[in-house]
Each structure stands twice: as C-alpha cells, then as structure tokens.
Amino acid sequence: MTTEVLDAGGYADAVAGPGIVLVDFRTDRSGSSRAFSAVFDAAAARHPDLRLAAVDTGAEEALTAELGVRSAPTLMAYRDGVLVYAEPGWLPADSLDLLVDTIRALDMPAVRAVYPEPLRQEH
C-alpha cells in the first residue's frame, strides 16, 4: 500500500467512505513536514487495511484553508466518514501506530450518536 495524493476534487469522497482514512497535510518547505512524511508513508506498509493520503498544502491552498489547516504537518483521521482526530505537528512511528490502534477501538455506535451523519463537504 502506498500513500495517495488527494486534491480538492477527491477529498470529500476519499474521507467519507467506510474504514479509516489518515490524511497528512504536508509541504516540502518544512523540515518537520518532510520528516513526518517519511514516517507517515512508511506506515502504509504496516497498516495495509487503511487508506493513507497526503495533501500538498501549497498546491491545495483553498482546501487547506477550508479545513482549517494552519501548519504542516497536520494529521487528520477519519473513521467511517467521521473526523475523529485533527492535530498539527508530527508523530513518531510508535505514536502513529498507537493512534491507529485507538481509532480501530472506537465505539462507532457511540460516535454516531454524537455525529449521526458522515462528513460531506462540497468543493
């Protein structure tokens, strides 16, 4: 499995589907973003059942602004169309794996009670 590149046209569909989707908002202009990109891309091999995607913040400025991303790297995680994590900064590999385990363990009926509709954004 590899990290796919998302743009504004495909973002909403990518994150609204079933399963877990991790999105790395990245830029080549930041050392910490480049460092996290390597960690993030390597996670694709450890978690082949997840959808890992990246958004280039320079190329997708409107999408980045619409989603409230202010710095790169920023990681967003969705499960079954619900945004369950959004934080700026990078994570080491073991912390990223722990986050994945935590997302897998979520009680989605309880989450759905709070967020009954999947995320749908029009671009």
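Source: prediction; values computed, not measured.

**Student:** Explain the sheet that holds strand S1 (residues 4-5) to me, please; I cannot follow it from the model alone.
**Tutor:** Each strand in a sheet pairs with another by means of backbone hydrogen bonds, the pair being arranged parallel or else antiparallel. What the five strands build is an open sheet, ordered S1-S3-S2-S4-S5; its pairing is mixed. The sheet is open, and its two borders are formed by S1 and strand S5 (82-88), each paired with just one other strand. In the sheet, strand S2 (residues 20-26) pairs with strand S4 (residues 74-79) via six bridges, with the strands oriented antiparallel. Within S4, the position partnered with Asp24 by the bridge is Leu75.

**Student:** Hey, could you run me through helix H4 (residues 93-104) in this one?
**Tutor:** Three- or four-residue spacings in an α-helix give side chains the same orientation, since the helix completes a turn every 3.6 residues. An ideal rise of 1.5 Å per residue puts 16 Å on twelve residues; H4 measures up with 17 Å between its terminal C-alpha atoms. Taken together, the buried positions of H4 are occupied by Leu96, Leu99, Val100 and Ile103. When H4 is viewed along its axis, its buried side chains cluster within an angular range of 100° and face the same direction. Turned more than 90 degrees away from the buried face of H4 sit Asp94 and Leu98, all of them exposed.

**Student:** So what exactly am I meant to see when it comes to the environment of Ala105 here?
**Tutor:** You can see Ala105 is positioned in the loop between H4 and helix H5 (108-114). Taking the relative accessible area as the measure of exposure, Ala105 reaches 61% and is therefore exposed. In this structure, the C-alpha to C-alpha distance between Ala105 and Ala65, residues 40 residues apart in sequence, is 30 Å.

**Student:** I'm lost on helix H2 (residues 31-46) in this one. Help?
**Tutor:** Counted at 1.5 Å a residue, the expected span for H2 with its 16 residues is 22 Å, and the 24 Å between its end C-alpha atoms agrees. Where H2 is buried, its residues touch S2, strand S3 (51-56), S4 and H4.

**Student:** Just to check I follow, could you spell out the nonpolar core for this structure?
**Tutor:** Note on soluble globular proteins: their nonpolar side chains tend to be buried together. With 16 residues, the main nonpolar core has Leu22, Phe36, Phe40, Leu52, Leu75 and Leu96 as its most contacted residues. Among the secondary structure elements, those contributing two or more residues to this core are S2, H2, S4 and H4. The element that contributes the greatest number of residues to this core is H2, accounting for five residues. Dropping the residues within four chain positions of it, Leu52 is found in contact with Thr2, Thr3, Glu4, Leu22, Phe40, Ala43, Ala44 and His47. Core analysis: the next-biggest nonpolar cluster, separate from the first, contains 14 residues, Val15, Val21, Val23 and Leu67 among them.

**Student:** Honestly, the side chain of His47 in this entry has me stumped. Any pointers?
**Tutor:** Within the secondary structure, His47 sits in the loop between H2 and S3. A polar contact of 3.1 Å, which involves the side chain of His47, links it to the side chain of Arg104. Residues within four places of His47 in sequence aside, it is in contact with Leu52, Asp97, Val100 and Arg104.

Thresholds, definitions, all that
- Residues numbered from 1 in each chain as written.
- Predicted model: local features only at pLDDT ≥ 70, side-chain atom pairs only at ≥ 80, totals over all residues.
- Heavy atoms only, no water.
- Pairing = 2+ DSSP bridges.
- Helix = DSSP H or I, 4+ residues; strand = E, 2+ residues; numbered from the N terminus.
- Expected span 1.5 Å × (residues − 1).
- Buried < 20%, exposed > 50% of the residue type's maximum accessible area, 1.4 Å probe, protein only.
- Arc of directions from axis to C-beta.
- Contact = heavy atoms within 4.5 Å.
- Core = buried A, V, L, I, M, F, W, Y, C linked by side-chain atoms within 4.5 Å.
- Polar contact = N/O pair within 3.5 Å; in protein donor to acceptor, adjacent residues only side chain to side chain.

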